[in-house]
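Notes for the structure review
Residue strings, one per chain:
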Amino acid sequence: MQITLSHQPAPAAWGEKAILSATVDGMTIHLNQTPLVTIQQAARKIKNQGILTATLTGEGWGVEQCWAFQQGFTSVKNQGEIHFPDLGEQQGEFNARLACTNFTRALINEPSDTLTPVRLAEKSAEFLTEKAGKQAVSYQIISGEALQKQGYAGIWTVGKGSANPPALLQFDFNPSQDPNAPILACLVGKGITFDTGGYSLKPSDFMEAMRTDMGGAALVVGALGLAIERGLKQRVKLYLCCAENMVSSTAFKLGDIIHYRNGVSAEVLNTDAEGRLVLADGLIEACEQNPQFLIDCATLTGAAKVAVGNDYHSVLSMDEQLVAELLAAAKAENEPFWRLPFEEFHRNQTASNFADIANVGSVPVGAGASTATAFLSYFVKDYAQNWLHIDCSATFRKTGNDLWSAGATGLGVRTLAKLLIEKAG
C-alpha cells in the first residue's frame, strides 16, 4: 500500500476532519495543525485495517514524518513492513533511532522466562559493545552471592528469593581509552525482570505485565547506544541493577533491614517497593565515580502512572537547570516528559522506627512518586544538584490507543541521548 502526505483536507465523502482517504493508487494522510501526531494516528488506523506492508512515497517524508509513521505502525503481533524513502544525509540518524529504539522495545517486551537478570545484563553489554566497539568499552557482571560479598546489599536482598540470580552490570564507555578520563555522566537503570511484589503480593491484574519492570534499564541502554551512534565522545558509565522479585523460603520479608555500604539502613515495609532497594546500590556506585551529572531511570511507582498515565515520563529533581535541559531535549525530540514535585520535606516522609529510613512513605496520604525519589536521595551524595530521577511511566502500554499498539513504546531513548550529546558539548 502506497502512503502519501497531503496538506489538503480529505474529500467530504471521508467525513469531516478525516485524516485518511483512499484511492486505487493508495492512501493519503491529510495533515492538520499537529502533523506528526496525525501521521502516527493514521499509521495506527492503517495497521488496524490489516494492511501489513506500507510504502511511504511522494513529498514531505522527512526523518520526523517517517519516525512518526513507524511509531504508529509498529506492533508486537502482525509486525508488517514499512518501505521508507531515501532520507539522504539523515539516513544514518534514522537508522540509529530504529536500531536503538527497536532494541529497547524488544527487550521490554521479552518474556521473563528468557530474560533473566543475568541475561538482561549480558544482552545490554553485548548491544552497547557492538555500538561502541570493543576498544572503547569495558564491563563486568557481578551476580549471585558475589553481590552480597561485595556489598551490593539491595540487589542481593531483592533477588535472593529467585532461582535466577540477581546481577549488577557495570559498563564503562570510554572512547578516549584513558583510564583517568573524567566521567561526563552515570546512568543507572532498574532491571527487575519480573516483579511478583514479593510477600506484598500483587493482584493478577497488576502482575501480568511485570516482565516490563526492567523498562528503566532498557531505556538507559538504548539511550546510551543512540548517543554513541550520534557521535558521543565523552566517557559515560552505566549501571543496571537486575533481579527477580519472587516469593520463596529465601525471599526477603517485611520487617527486614538492609544495611547499605554508604552507612544508610533501610527497613522493608513493603516488598513490592523493591525497585528503590536495588537502585540504591547503583546510585552509591555511580556517585563514587564523581560524574558531572547522574540520571536514574525506573518503572518505579504506580503513583507516577496515576499522575501522568502512560502518556508521559515523570521527572523529579531539585536541580532546576538540569530539569530545564532535560525538558528542552524532550521538546526537541517530540517526546513527552512531565515534572513532578520533589522537595526537601519529602525526605522526612520515609521515617522508620527501626532503621534510618523505610522503603515506603510514612504519610497516610503521601505523594508516592516523590517519597520514592526521597528514598533514593539518601544514596546520592549531593542529591540537590546534578541528579535527575525519571519514573518511566510511558515505557509500556497494556492496551493500545489511537497512537500506540500494546507493548513497549521506546519513549525517552532519543531525549536522554540528546541530553548526553548536548552536555558533552
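One structure accompanies this document, and this report is about it. A quick note: this is a predicted structure, and the numbers were derived from the prediction, not measured.

Rules used throughout
Residues numbered from 1 in each chain as written. Predicted model: local features only at pLDDT ≥ 70, side-chain atom pairs only at ≥ 80, totals over all residues. Heavy atoms only, no water. Helix = DSSP H or I, 4+ residues; strand = E, 2+ residues; numbered from the N terminus. Buried < 20%, exposed > 50% of the residue type's maximum accessible area, 1.4 Å probe, protein only. Phe/Tyr/Trp six-rings, centres within 6.5 Å; stacked < 30°, edge-to-face > 60°. Lys NZ or Arg CZ within 6 Å of the ring centre and 35° of its normal. Pairing = 2+ DSSP bridges. Axes fitted to C-alpha atoms, helices over the stretch in contact; angles between N-to-C directions. Contact = heavy atoms within 4.5 Å. 1 Å grid on protein atoms, 1.4 Å probe; cavity = no way out; pocket = protein on both sides within 12 Å on 5 of 7 lines; lining within 4 Å. Points joined across faces, edges and corners; volume = space filled by probe spheres on them. Nonpolar A, V, L, I, M, F, W, Y, C, P; charged D, E, K, R; others polar. Domains from an automatic or database assignment. Salt bridge = Lys/Arg side-chain N within 4 Å of Asp/Glu carboxyl O.

A separate point is the environment of Val-363. Counting through the fold element by element, Val-363 comes out in the loop between strand 15 (357-358) and helix 12 (368-377). Looking at Val-363, the relative accessible area reads 32%, which means it is partly exposed.

Let us now look at the packing of aromatic side chains. Inspection of every chain in the model, using the stated rule, returns 10 aromatic pairs. On the numbers, 5.4 Å between centres and 45° between planes, the contact of Phe-375 with Phe-379 is tilted. This pair shows no difference in class: Phe-375 is buried, exactly as Phe-379 is. Every member of this aromatic cluster is reached through a ring pair, and the members are Trp-61, Phe-69 and Phe-73. A cation sits over an aromatic face here: Lys-423 above Phe-293, 5.4 Å from the ring centre.

Attention now moves to the sheet that holds strand 2 (residues 20-23). With mixed pairing, five strands are arranged side by side in an open sheet as 2-3-1-4-5. Either end of the sheet is taken by a strand with one partner, and the two such strands are strand 2 and strand 5 (81-83). The mean inter-strand angle of the sheet, taken between neighbouring strand axes irrespective of direction, is 30°. Here strand 1 (residues 2-6) runs beside strand 3 (residues 26-30); their pairing, made up of four bridges, is parallel. Across the sheet, Ile-3 pairs through a bridge with Met-27, a residue of strand 3. On top of the sheet, helix 1 (residues 35-48) reaches strand 1, strand 2 and strand 3; it is set at about 150° to strand 3, its chief contact. Relative to strand 4 (residues 53-56), helix 2 (residues 63-73) is tilted by about 170°, and along the sheet it contacts strand 1, strand 3, strand 4 and strand 5.

Each pocket or cavity is described by its volume, and for the largest pocket that value is around 870 Å³. In this structure, the largest pocket is lined by 36 residues; those nearest its centre are Lys-202, Leu-300, Thr-301, Gly-302 and Ala-303. Residue assignment for the lining of the largest pocket shows that the elements contributing at least two residues are strand 8 (183-195), helix 7 (204-207), helix 9 (275-287), helix 10 (302-308), helix 12 and strand 17 (396-397). Per-element tally for the lining of the largest pocket: the top contributor is helix 10, with four residues. Tallied by class, residues from the lining of the largest pocket come to 11 nonpolar, 12 polar and 13 charged. The calculated volume of the second largest pocket comes to roughly 580 Å³. As for the second largest pocket, its lining consists of 27 residues, and the residues nearest its centre are Val-37, Gln-40, Asn-334, Glu-335 and Pro-336. When contributions to the lining of the second largest pocket are tallied by element, the ones reaching two or more residues are helix 1, helix 2 and helix 11 (320-332). For the lining of the second largest pocket, the domains that each give at least three residues are domain 1 (2-86) and domain 2 (98-424).

Enumeration over the complete set of coordinates arrives at 23 salt bridges. In this structure, Arg-97 engages Glu-64 in a salt bridge whose closest nitrogen and oxygen atoms are separated by 2.7 Å. A residue pair is termed long-range when its members are at least 10 positions apart, and Arg-97 in helix 3 (residues 91-109) and Glu-64 in helix 2 qualify at 33 residues. Residue classification places Glu-64 among the partly exposed positions, given a relative accessible area of 24%. A single network of salt bridges, built from pairs that share partners, joins Glu-64, Glu-93, Arg-97, Arg-230, Glu-333 and Arg-414.

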